[in-house]
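# Fold and contact review
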Amino acid sequence: MEDDSKMRDPQACKIAMDLHLAKFNYFMAKKDWKSATTELQYALNSVIEILDNANRTLKKIADRYQQDWGRVRVEGSIKTEKISDDTVLVEYPGDKIVLRKV
C-alpha cells in the first residue's frame, strides 16, 4: 500500500502507521529486507504526517495567542489560559499542554 496522497486526519495516519508496522514485522520475519525497509519508510511517513498535524495545531494556538495574549479563551472543547508572561496552559479533552515562549 503506497501512501503517496497526503493524509490530513491524524487517526487515519495512525491506522496507516500500524498497518505498515505490521507489514514491516511480517517481512522482517520472512527476511525480505527490501520489502521490510519499504514498509518501514511508509510507517515513518505516517509518523511525519501525525507530527505535521500536531505542529499545525500548535501553530494555530500560538497565532491565536499572539493576538489575544493574556485572556482566557474557550473555543469548543479547548480552553486556553495565560499562566505567566511567557507561559500558556492549553486544556482539551483528555490532555493539558503548557506552552512557553522561547
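The coordinates are above.
This is a predicted model, so every value here is computed, not measured.

## What about helix α1 (residues 10-30)?
The end-to-end C-alpha separation of α1 is 30 Å, in line with the 30 Å expected for 21 residues at 1.5 Å each. Along α1, the positions that sit buried rather than exposed are Cys-13, Ala-16, Met-17, His-20, Phe-24 and Phe-27. The buried residues of α1 all sit within an arc of 105° when viewed along its axis, so they share a single face. In α1, those exposed residues whose orientation departs by more than 90 degrees from the buried face are Ile-15, Asn-25 and Ala-29. Immediately downstream of α1, the backbone of Lys-31 shows phi near 60°, a positive value.

## Describing the pairing of strand β3 (residues 87-92)
Of the strand pairs in this sheet, strand β2 (residues 78-84) and β3 are connected by five bridges, and their pairing is antiparallel. Bridging from a neighbouring strand, Ser-84 pairs with Thr-87 of β3. In sequence, β2 turns back onto β3 through a hairpin of two residues. Direction of pairing for β3 relative to strand β4 (residues 95-100): antiparallel, over a ladder of six bridges. Bridging from a neighbouring strand, Val-90 pairs with Ile-97 of β4.

## Let's talk about a nonpolar patch on the surface
Together, Leu-21, Leu-40 and Leu-44 line one region of the surface with nonpolar side chains, adding up to about 210 Å² of accessible area. Mapped onto the fold, Leu-44 is located in helix α2 (residues 33-67). Classification of Leu-44 as partly exposed rests on a relative accessible area of 43%.

## Brief notes about the environment of Asp-86
Topologically, Asp-86 is positioned in the loop between β2 and β3. Given the relative accessible area of 32%, Asp-86 is considered partly exposed. Spatially, the C-alpha atom of Asp-86 lies 5.5 Å from that of Arg-100, the residues being 14 residues apart in sequence.

## A look at the environment of Glu-91
Within the secondary structure, Glu-91 is located in strand β3. Each C-alpha atom of the pair Glu-91 and Thr-80 lies 6.2 Å from the other, and the pair is 11 residues apart in sequence.

What counts as what
- Residue positions are given per chain, counting from 1 as you read along its sequence in written order.
- For this predicted model, a pLDDT threshold of at least 70 governs which residues receive local features, and a threshold of 80 or more governs which side-chain atom pairs are given and counted, while totals over whole chains, interfaces and linings are taken from all residues.
- In computing side-chain properties, one takes all heavy atoms of the structure into account and sets aside hydrogens as well as water.
- Helical segments are the DSSP runs of H or I of at least four residues, strand segments are the runs of E of at least two, and each set is numbered from the N terminus.
- In this scheme, a helix's expected span is set at 1.5 Å multiplied by one less than its residue total.
- Each residue's exposure class comes from its accessible area (1.4 Å probe, protein chains only) as a fraction of the maximum for that residue type: buried when under 20%, exposed when over 50%, partly exposed otherwise.
- Think of the arc as the fan of directions from the helix axis to the C-beta atoms.
- The criterion for strand pairing is that DSSP finds at least two bridges linking the strands in question.
- To count toward a patch, a residue needs a relative accessible area above 30% and no salt bridge. Like charges then connect within 9 Å, nonpolar side chains (Val, Leu, Ile, Met, Phe, Trp, Tyr) within 5 Å.
- Every accessible area reported is derived by Shrake-Rupley at a probe size of 1.4 Å, with residue values counting cover from the shown protein chains alone.
- We define a salt bridge as a contact between a side-chain nitrogen of Lys or Arg and a carboxyl oxygen of Asp or Glu at a distance within 4 Å.

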